[in-house]
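Fold and geometry: a report
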Amino acid sequence: MTEEVRLVAWVRGRVQGVGFRWFTRAKALEIGGLSGFALNLADGRVQVVAEGPRQGCEGLLDWLQGSDTPGHVDGVTEIWDTPRGGYDGFAIR
């Protein structure tokens, strides 16, 4: 049985105005089975919330922390939790 999880990640660096949310959504859809959103925050970070199989969420986190993202990521802070549901697909907010 696959464990379902909730990942909340805050990505800091040059991640606004570079298509970061769009590419995050595209990566989540490519991984498959994930729902949630990517949101620009007023302080320049992007918040990513993803729910789904642990393996998929870990894959998304690895991508967020990697060098294949648009812009430049200085760091990612993440919190793992139980899914809350209520998301219809993966949205850009």
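Positions within a chain are numbered from 1, following the residues in the order the chain's sequence is written. Given that this is a predicted model, residues contribute local features only at a pLDDT of at least 70 and side-chain atom pairs are listed and counted only at 80 or more, while totals for whole chains, interfaces and linings are drawn from all residues. With hydrogens and water set aside, each side-chain value is computed from the structure's full complement of heavy atoms.

Looking at an unreviewed UniProt entry, the protein chain carries the name acylphosphatase, with the source organism given as Streptomyces musisoli. UniProt positions are given in the numbering used here, feature names are shortened, and annotations may be inferred rather than shown by experiment. One UniProt comment on the protein chain, placed under Catalytic activity (unreviewed entry), says "an acyl phosphate + H2O = a carboxylate + phosphate + H(+)". The Sequence similarities (unreviewed entry) comment attached to the protein chain in UniProt states, word for word, "Belongs to the acylphosphatase family."

Re the nonpolar core
Counting 20 residues, the largest nonpolar core has Val11, Phe20, Val48, Leu60, Leu64 and Val76 as the members making the most contacts within it. Strands are runs of DSSP state E lasting at least 2 residues, helices are runs of H or I lasting at least 4, and numbering of each runs from the N terminus. Every element with two or more residues in this core is listed here: strand S1 (4-14), helix H1 (20-31), strand S3 (46-53), helix H2 (54-65) and strand S4 (72-81). No other element matches H2, which puts 5 residues into this core. The contact criterion used throughout is that any non-hydrogen atoms of two residues lie within 4.5 Å. Those residues within four positions of valine 76 in sequence are excluded, and the remaining contacts are Ala9, Trp10, Val11, Arg12, Leu61, Leu64 and Gln65. Among buried residues, those of type Ala, Val, Leu, Ile, Met, Phe, Trp, Tyr and Cys that are joined through side-chain atoms within 4.5 Å constitute a nonpolar core. Summary of the burial criterion: residues with accessible area below 20% of their type's maximum are buried, those above 50% are exposed, and those between are partly exposed, where the area comes from a 1.4 Å probe applied to protein chains only.

Structural notes on a nonpolar patch on the surface
Taken together, the side chains of Trp22, Phe23 and Ile92 present a nonpolar region at the surface, about 310 Å² in accessible area. Within the fold, phenylalanine 23 resides in helix H1. Residue phenylalanine 23 is classed as partly exposed on the basis of its relative accessible area, which comes to 39%. The patches reported here contain residues having more than 30% relative accessible area and no salt bridge. Joining distances are 9 Å for like charges and 5 Å for nonpolar side chains (Val, Leu, Ile, Met, Phe, Trp, Tyr). Every accessible area reported is derived by Shrake-Rupley at a probe size of 1.4 Å, with residue values counting cover from the shown protein chains alone. In the sections that follow, a salt bridge refers to a side-chain nitrogen of Lys or Arg positioned within 4 Å of a carboxyl oxygen of Asp or Glu.

Points about H2
Residues that lie three or four places apart on an α-helix share one face, since the helix turns once every 3.6 residues. Across its 12 residues, H2 extends 16 Å between first and last C-alpha, which sits within 8% of the 16 Å expected from 1.5 Å per residue. Listing the buried residues of H2 in full gives Gly56, Cys57, Leu60, Leu61, Trp63 and Leu64. With its buried residues spanning 160° around the axis, H2 presents them on a single face. Away from its buried face by more than 90 degrees, H2 exposes Gln55 and Asp62. Multiply 1.5 Å by the residue count of a helix minus one, and that product is the helix's expected span. Directions from the helix axis toward the C-beta atoms define the arc.

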